[in-house]
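# Tertiary structure, described
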Amino acid sequence: MFFMREALAEARIAAGYGEIPIGAVVEKNGLIIGRGRNQTESAKDPTAHAEIEAIKAACKTLGGWRLSECNMYVTTEPCAMCAGALLLARVEKVYIGALNPKGGACVSLRQLLSDSRLNHCVAIDVGLLQDECETLMKEFFSELRKTKR
């Protein structure tokens, strides 16, 4: 729960900057070694997703690109780009708060992390603090629709 709460804190920071509120943390041996939040709008970068930012920070902390024995906690199911990054980084397990039926590539639309044809698979656990993660997204988009009227 602690690590997903930290991911939620990152998501709330993203929302405060007008970003889609997704947050992620990478954990190894009970310590957070990387944090990330969506920054696509502020960075003007389509790859600045929470998962990518957390992976980059974790790699910097460890001094290498392999995140074996690491787990990611992310508030919303990763897209195809982020699922690919999780595979390439060799993350051991991803804990997902809320599913993403319109863009999720781990469970919803695709199952990239469990595709046995690949040379690595990432274990998946869905639903950790699901209600909080879903509520954060729903409230963000509800407010966004109100301001665009």
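Residues numbered from 1 in each chain as written. Predicted model: local features only at pLDDT ≥ 70, side-chain atom pairs only at ≥ 80, totals over all residues. Heavy atoms only, no water.

### Here we look at the packing of aromatic side chains
Under the criterion given, the structure shown has four aromatic pairs. Between Phe2 and Phe3, the aromatic rings sit 5.2 Å apart at their centres with planes inclined by 75 degrees, giving edge-to-face as the arrangement. Assessed through its relative accessible area of 14%, Phe3 is described here as buried. Taking 5.2 Å as the distance between ring centres and 35 degrees as the angle between the ring planes, the aromatic pair formed by Phe3 and Tyr73 counts as tilted. Of this pair, Phe3 sits in helix α1 (residues 2–16) while Tyr73 is found in strand β3 (residues 70–76), placing the two residues 70 residues apart along the sequence. Accessibility classification places Phe3 together with Tyr73 in one group, the buried group. Counting every residue linked through ring pairs, the aromatic cluster contains Phe2, Phe3, Tyr73 and Tyr95. (Phe/Tyr/Trp six-rings, centres within 6.5 Å; stacked < 30°, edge-to-face > 60°. Buried < 20%, exposed > 50% of the residue type's maximum accessible area, 1.4 Å probe, protein only. Helix = DSSP H or I, 4+ residues; strand = E, 2+ residues; numbered from the N terminus.)

### Remarks on unusual backbone geometry
Non-glycine residue Asn29 carries a positive phi angle of around 55 degrees. Exposure remark for Asn29: the relative accessible area of 64% places this residue in the exposed category. Phi at Leu129 takes a positive value of approximately 55 degrees, unusual for a residue other than glycine.

### Observations regarding α1
Its 15 residues give α1 an end-to-end C-alpha distance of 21 Å, which sits within 8% of 21 Å, the value for a rise of 1.5 Å per residue. For α1, every residue scored as buried is listed here: Phe3, Met4, Ala7, Leu8, Glu10, Ala11 and Ala14. Summarising the axial view, the buried residues of α1 lie within an arc of 160 degrees, below the 170-degree limit, and thus occupy one face. Seen from the open side of α1, the exposed residues pointing more than 90 degrees away from its buried face are Phe2 and Gly16. Tucked inside the fold, the buried residues of α1 contact β1 (23–28), β2 (31–37), β3, β4 (93–98) and α5 (130–147). (Expected span 1.5 Å × (residues − 1). Arc of directions from axis to C-beta. Contact = heavy atoms within 4.5 Å.)

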